[in-house]
Amino acid sequence: LVILAGLPRGGELSWKSLENNVINHLNADLAICTENTIDESLYIYKIADYLWLFEERHDWLEYYKEHYSNNSIEILKKGKGAGLWESGVIHFALKDFICKNYLEIIKEYKYIIYSRFDQFYTNIHPAFTGENIWIPKGEDYFGINDRHVVLSCSFIEDYLNICKFLDSIEI
């Protein structure tokens, strides 16, 4: 299962590269998780097997306030200037939304590719076997690259539960 989460950026060329070099090559299904205001005429919308849509939010901190203690927000604030606050707030909430609403569907698959809408695939995606997590090198900014990850389903709940993890950290 390939899961794309966020706003549909990248455009049709990127999405066709995904379809040709990843989805078709790996015989994968596609789930897109994005706002319910998505333009239904977009190519990516038309090729998706699953549409996991949420209400548009102008303040993602409200998501944390609705579902978690203030602790998770304080942890995220510690990452200001490093991307954790600026984009992590949204990306982590999307993972949490997917985990809370679609985990049973995801668990029907052996492997998961979790990525962004704006990746461009210039070659066929490598196949994978075993109980592993694969994260490509590059653009990791001295941390872990979160733009594209492949993992066996046995790790998916831990991967998606980052908000729960943040909320459990003592500060």
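Let me begin by describing the structure that accompanies this report.

## Concerning the pattern of salt bridges
Here is step 1: Evaluated as defined, the whole model comprises 8 salt bridges.
Here is step 2: A salt bridge links R57 to E66; its shortest N-O distance comes to 3.0 Å.
Here is step 3: On the accessibility criterion, R57 (23% relative accessible area) is partly exposed.
Here is step 4: Linking E74 and K77 is a salt bridge whose minimum nitrogen-to-oxygen distance equals 3.4 Å. Here E74 and its partner K77 are both found in helix 4 (residues 70–77), 3 residues apart, which amounts to about one turn of the helix.
Here is step 5: Linked by salt bridges that have partners in common, R9, R116 and D118 make up one network.

## Regarding the side chain of N21
Here is step 1: Within the fold, N21 resides in helix 1 (residues 11–26).
Here is step 2: With a relative accessible area of 17%, N21 lands in the buried category.
Here is step 3: Separated by 2.7 Å, the side chain of N21 and the backbone oxygen of Y121 make a polar contact.

## Here we look at the pairing of strand 6 (residues 148–152)
Here is step 1: Within strand 6, 5 of the 5 residues are buried, which leaves the element mostly enclosed by the surrounding structure.
Here is step 2: Because side chains alternate across strand 6, one face comprises the buried residues H148, V150 and S152, and the other comprises V149 and L151, equally buried.
Here is step 3: The pairing of strand 4 (residues 111–115) with strand 6 spans 5 bridges and is antiparallel. Of the residues in strand 6, the one forming a bridge with Y111 is S152.

## Section: the nonpolar core
Here is step 1: If you look at the biggest cluster of nonpolar residues, it comprises 37 residues, and the most contacted ones within it are L1, I3, W52, I98 and I106.
Here is step 2: Ranked by residues supplied to this core, first place goes to helix 5 (residues 84–106) with 11 residues.
Here is step 3: Excluding anything up to four places from it in sequence, L1 contacts D29, L30, A31, Y50, W52, I106, Y109, Y111, I112 and I113.
Here is step 4: The next biggest cluster of nonpolar side chains, apart from the first, holds 19 residues, and it includes V2, L18, I32 and I38.

## A few points about the sheet that holds strand 3 (residues 50–54)
Here is step 1: Across the sheet, 6 strands lie side by side as 3-2-1-4-6-5; this open sheet has mixed pairing. Both edges of this open sheet fall to strand 3 and strand 5 (133–134), since each of them pairs with a single strand only.
Here is step 2: Together, strand 1 (2–5), strand 2 (30–35) and strand 4 form the strand contacts of helix 1, whose direction differs from that of strand 1 by roughly 145°.
Here is step 3: Contacting strand 1, strand 2, strand 3 and strand 4, helix 5 crosses the sheet at an angle of about 135° to strand 3.

What counts and how
- Residues numbered from 1 in each chain as written.
- Predicted model: local features only at pLDDT ≥ 70, side-chain atom pairs only at ≥ 80, totals over all residues.
- Heavy atoms only, no water.
- Salt bridge = Lys/Arg side-chain N within 4 Å of Asp/Glu carboxyl O.
- Buried < 20%, exposed > 50% of the residue type's maximum accessible area, 1.4 Å probe, protein only.
- Helix = DSSP H or I, 4+ residues; strand = E, 2+ residues; numbered from the N terminus.
- Polar contact = N/O pair within 3.5 Å; in protein donor to acceptor, adjacent residues only side chain to side chain.
- Pairing = 2+ DSSP bridges.
- Core = buried A, V, L, I, M, F, W, Y, C linked by side-chain atoms within 4.5 Å.
- Contact = heavy atoms within 4.5 Å.
- Axes fitted to C-alpha atoms, helices over the stretch in contact; angles between N-to-C directions.

In short, the description is geometric, and any link to function would need to be established separately.
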